[in-house]
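Architecture and fold: a report
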Amino acid sequence: MKLVTAIVQPSKLDDLKDELGRLGVLGMTVSQAQGYGRQKGRTEVYRGAEYPVDFVAKLRVEVLVDESAVDEVVDGVVRAVRTGQVGDGKVWVTAVDTVVRVRTGETGPEAI
Amino acid sequence: MNSGDTAWVLVSAALVLLMTPGLAFFYGGMVRSRGVLNMLMMSLGSIGVVGVLWVLVGYSTAFGSDVGGVGLLGDPTEFFGLSSLLGEDQLSDSIPTMAFVGFQAMFAILTVALVSGAIADRARFGPWLLFAALWAVVVYFPVAHWVFAFDSTDDAGTVTAVGGWIANRIAAIDFAGGTAVHINAGAAALALALVLGKRTGWPKDPGKPHNLPFVVLGAGLLWFGWFGFNAGSALAADTTAAVVLVNTLVATSAAMLGWLLVERIRDGHATTLGAASGIVAGLVAITPACSSVTPLGAIAVGAITGAVCALSVSLKFRFGYDDSLDVVGVHLVGGLMGTLLVGLFASASAPAGVDGLFYGGGLDQLWRQAVGAVAVLVYSFVLSLVLALLVKAVVGFRLGEEDEAVGIDETEHAEAAYHFSDSGSARRAPVAADDVERELEGSRA
């Protein structure tokens, strides 16, 4: 089992959700996130006083998938959230040892 | 009594009262979210304190019989409690005197509230109320007498009752309070900012406005109420009021554009905060001038002041005083601009105008405007400094550094403006909890 984590532009969430739905991914966890990448942040101006904003608002999307579906899901995420502009985000995959569905006690791939 | 005039002044009074909650939102949106309630409360506190004082000594000090006939102070005890003004025969020109009393009360309230913007996030609430009360009595009420109390004359033109020295001896034009309200509040704000010192972390972290829609809401309410402030100052539903209303509209529009133009050139963006600030700067500037300029003159007064105020708000960073919400940059500078520009743009074709410099009147009106402006500026600054130091010495004025970090809403008012999550905040009531405990013990037994 793998955990696919994606940091994405907030405006692309609906596209991402639709794409993952088409690929048969049944659940996802979304959290508000802030951060910066190579392009750094942006600058706001209030009454002429400049405030550099280092951390830009993003969403962190996490989905648990079976080994066999990882490549397809990662490709799907990238396809769904890419705009071609700076700040499109990152996707990474980590290994997951155990998954338990709390309601039934099922473990492993059945619990995803 | 003229019922049309009375109706207009009563409605105007209500409009002016609305400016103070409007100001609360204008200021409240500009502070951080952890201090918005205190910002609102400083304005609401002004309504409470000054409203009561107005009935006790305020109206008398501002509009009572002049003490000594020199135009400095009304008799503070003359109308104590206002009971003597309740009769149907108590008229002030064409309106009941009580309508005038109520209208002017709102000016006193707003002026005090304006000052609070300079000391956001660091003034304790009780000492602020104490300062507000002292400042109203020692500074605002006398200055209102100087500027707003006009001589009474008989048919032959002989003065029967002496009014304030700026309005009558100097004959400076201040239709609705450029000196008495804005220069006065702005100078006091500067004094308070100096006495209280900088917020922790300023100027590195001046704090971003937490809710710009609030700022625009507040600016909108201020503009709406300001039609009562300015056009109501005609004290009649007449041509003067109509001209003033139009001038208040167009000067403010031009000031907003002036501020935005400076921002676009200097910072690259025309901002929402800039538009709201330009609106207020324009309203401030046209306040003294609204009855003495033509609509074209009003556009000039507004555009110039909007641009100048946009440039002035950075003065605090240059000189190192923490005027949190730019009361100096907007009200002191805007008030000075509006008051002095009367000397340049006033036109005899306007209802209360005499020709200023640009209309062939020479420098005569300009020096009158300058004397009035400087007198109020110096008096307000010095007395505000003394009062602030007094409050600081006797009860302490400033919030502790730790409380400032936690947030003034929580430490001064035990409230928070925004609740995004209710987890972990069940009501804690010691007495009720004991009852539950006893009941549980009873059921166990």
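Look above for the structure.
Residues numbered from 1 in each chain as written. Chains lettered and ligands numbered in written order. Predicted model: local features only at pLDDT ≥ 70, side-chain atom pairs only at ≥ 80, totals over all residues. Heavy atoms only, no water.

**Some words on the environment of threonine 61 of chain B**
All names here are of chain B. The test is simple: Helix and strand definitions follow DSSP, with helices as H or I runs of at least four residues and strands as E runs of at least two, each counted in order from the N terminus. Each residue is assigned to one of three classes by its accessible area relative to the maximum for its type, calculated with a 1.4 Å probe on protein chains only: buried under 20%, partly exposed between the two thresholds, exposed over 50%. Here, residues are in contact when the closest pair of their heavy atoms is within 4.5 Å. In protein, a polar contact requires one atom able to donate a hydrogen and another able to accept it; more generally it is a pair of N or O atoms within 3.5 Å, and residues adjacent in sequence count only if both atoms are side-chain atoms.
Mapped onto the elements of the fold, threonine 61 is located in helix α2 (residues 36-63). We classify threonine 61 as buried; its relative accessible area is 5%. Distance in space between the C-alpha atoms of threonine 61 and isoleucine 286 is 26 Å, their sequence separation being 225 residues. If we ignore the near neighbours within four places in the chain, the residues touching threonine 61 are Leu73, Gly74, Asp75, Pro76, Phe141, Pro142 and His145. Engagement of the side chain of threonine 61 in a polar contact is seen with the backbone oxygen of valine 57, the distance being 2.7 Å.

**Points about the pairing of strand β3 (residues 42-46) of chain A**
Residues and elements named next belong to chain A. To be explicit about the condition: Strands are labelled as partners when DSSP assigns at least two bridges between them.
Strand direction decides the pairing type here: β3 and strand β4 (residues 49-53), joined by five bridges, are antiparallel. Bridge pairing in β4 links glutamate 44 to tyrosine 51. Adjacent in sequence and paired antiparallel, β3 and β4 are bridged by two residues, among which arginine 47 carries a positive phi angle near 50 degrees.

**Some details on the packing of helix α6 (residues 178-196) of chain B against helix α13 (residues 364-394) of chain B**
Residues and elements named next belong to chain B. We count it as follows: Here an angle of 0 to 180 degrees is reported between the N-to-C directions of two axes, which are lines fitted to C-alpha atoms, with helices fitted over the stretch in contact. By definition, any crossing whose near helix is turned counterclockwise from its far helix by less than a right angle is left-handed, and any crossing with a clockwise turn is right-handed. In this count, Pro and Cys sit with the nonpolar residues alongside Ala, Val, Leu, Ile, Met, Phe, Trp and Tyr, while Asp, Glu, Lys and Arg are called charged and the others, Gly among them, polar.
One way to put it is that α6 packs onto α13 with a least axis distance of 8 Å and a crossing angle of 40 degrees. Between α6 and α13 lies a crossing of right-handed hand. Of the residues in α13, those touching α6 at Thr179, Ile183, Asn184, Ala187, Ala188, Leu190, Ala191, Leu192, Leu194 and Val195 are Gly372, Ala373, Val376, Leu377, Ser380, Phe381, Ser384, Leu385, Ala388, Leu389 and Lys392. Per-class residue counts for the contact of α6 with α13 are 15 nonpolar, five polar and one charged.

**Thoughts on the interface of chain A and chain B**
Bring the parts together and some accessible area is lost; that lost area is often taken as the interface size. Rule in force here: The term buried area refers to how much accessible surface (probe radius 1.4 Å) is lost by two components on association, counted for both of them together.
Contact residues are listed per partner, giving eight residues for chain A and 19 residues for chain B. Of the roughly 1100 Å² buried between chain A and chain B, counting both surfaces, carbon and sulfur atoms make up 61%. A per-residue breakdown of the area chain A buries against chain B is headed by Tyr46, Arg47 and Tyr51 of chain A, which together make up 71% of the total. There are five residue pairs in polar contact (both at pLDDT 80 or more) connecting chain A and chain B. At the level of elements, β3 and β4 of chain A are the ones that each hand at least two residues to the side of chain A that touches chain B. For the side of chain A that touches chain B, the residue count by class is five nonpolar, one polar and two charged.

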